[in-house]
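Topology and contacts: notes
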Amino acid sequence: MTALTHDMRRSGVRTGLLVAVGAALAFGMSGAWARGLIDAGWTPGAAVTARIWVAALVLLVPTILALRGRWGLVRKNAGMILAYGLLAVTATQLFYFQAVAVMDVGIALLIEYTAPVAVVLWFWVRRGERPSRRSILGAVVAFVGLVLMLDVLTGARIDGGGILWALGAMVGAATYFVLSGRSDTGLPPIALAGLGLLLGAVGLSIAGLIGVLPMTWNTDDVAYRFGSVPWFVPVLAIGVLATALAYVLGIASTRMLGSRLASFVALAEVVAALLFGWMLLGQLPGAVQLIGGVLVLAGVVLVKLGEPATQELVEPLPEPVT
């Protein structure tokens, strides 16, 4: 019986890793598609708002169907859903684009991708779950890999306000992993993603209406490495694949793997972003970036080896701030 349980757990981890890699690939394609829109005259705020609205509308009907007869779960978990929509979706997207408006993209992305370390520290402080030496070493190796991949060591421009915005995005990303890992809510992954994205779309739209998030867009064709396409092609690709599908896979994999491991596997998104950058934009990474990618993957493996044999699936919400 013990052997059967162990085999089932290992099978679940393997499945979770595959789903997590799928989520990373889906999330990773968003930057290349969005870069085409931005080069065509779209502001980052307009691109990300279109992205979230498309995803929210795609998941609207599946969310309603998933919640049939279970709307009480929405009322019961209203606070968590609100936190997910405002922090894990709206804040992450809004703060990141505010950061890149005043500082180098590489530095902003690097700060945001310290979220996995923040997740480990959160469980250490909140629940006394001290990370193992292997997990700490994996975090350091992955962080060094990100530094090399993002090429932030040569002439990067630092802005104090931008650092604060990027730290806000990091908090939002860490919240995404912590809240996505909760399996005690009864909410299906697709419902949590759909409700969170809908709240995020509304939040971003409000930010645009009040002038916090600049929004400019057009209907010009968008150029990529393989040729030009109508504007709605990248918008749909970002909304359907890089957001709707990505969030559903991300929540499902986080529940399978736990918040800490899933947050480190998600670092593969940077590798995916480089891959799609080459495929869609012809941006081929250099040797140093490739070495960084290897280090990121090595860091993920070390974190996995440092994980406890058993890991609780229920993650507590942060205490309310008074």
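Read on for a plain summary of the structure. (Residues numbered from 1 in each chain as written. Predicted model: local features only at pLDDT ≥ 70, side-chain atom pairs only at ≥ 80, totals over all residues. Heavy atoms only, no water.)

**Focus on the overall build of the chain**
- Of regular secondary structure, the chain possesses 14 helices and two strands.
- Counting across all 322 residues of the chain, residues that qualify as buried make up 50%.
- Within the chain, contacts between residues at least 6 apart in sequence are counted, and of these 90% link residues at least 24 apart.
- A total accessible area of about 15,100 Å² is found for the chain, and carbon and sulfur atoms account for 70% of it. (Helix = DSSP H or I, 4+ residues; strand = E, 2+ residues; numbered from the N terminus. Buried < 20%, exposed > 50% of the residue type's maximum accessible area, 1.4 Å probe, protein only. Contact = heavy atoms within 4.5 Å. Areas by Shrake-Rupley, 256 points an atom, 1.4 Å probe, with all protein chains shown as cover.)

**Things to note about a nonpolar patch on the surface**
- The grouping of Leu57, Leu60, Val61, Ile64, Leu65, Trp71, Leu198, Val202, Ile206, Leu209, Ile210 and Val212 at the surface amounts to a nonpolar patch, some 1,100 Å² of accessible area in total.
- Taken together, the elements giving at least two residues each to the nonpolar patch come down to helix H3 (44–66) and helix H10 (189–209).
- Top element by residues in the nonpolar patch is H3. It accounts for five residues.
- When you line up the elements, Leu60 lands in helix H3. (Patch = residues over 30% accessible without salt bridge, like charges linked within 9 Å, V, L, I, M, F, W, Y side chains within 5 Å. Salt bridge = Lys/Arg side-chain N within 4 Å of Asp/Glu carboxyl O.)

**Comments concerning the pattern of salt bridges**
- By the definition in use, this model includes one salt bridge.
- Here Asp39 makes a salt bridge to Arg35, at a shortest N to O gap of 3.0 Å. Of this pair, Asp39 and Arg35 both sit in helix H2 (residues 30–39), four residues apart, which is roughly one turn of that helix.
- Accessibility expressed as a relative area gives 39% for Arg35, which makes it partly exposed.

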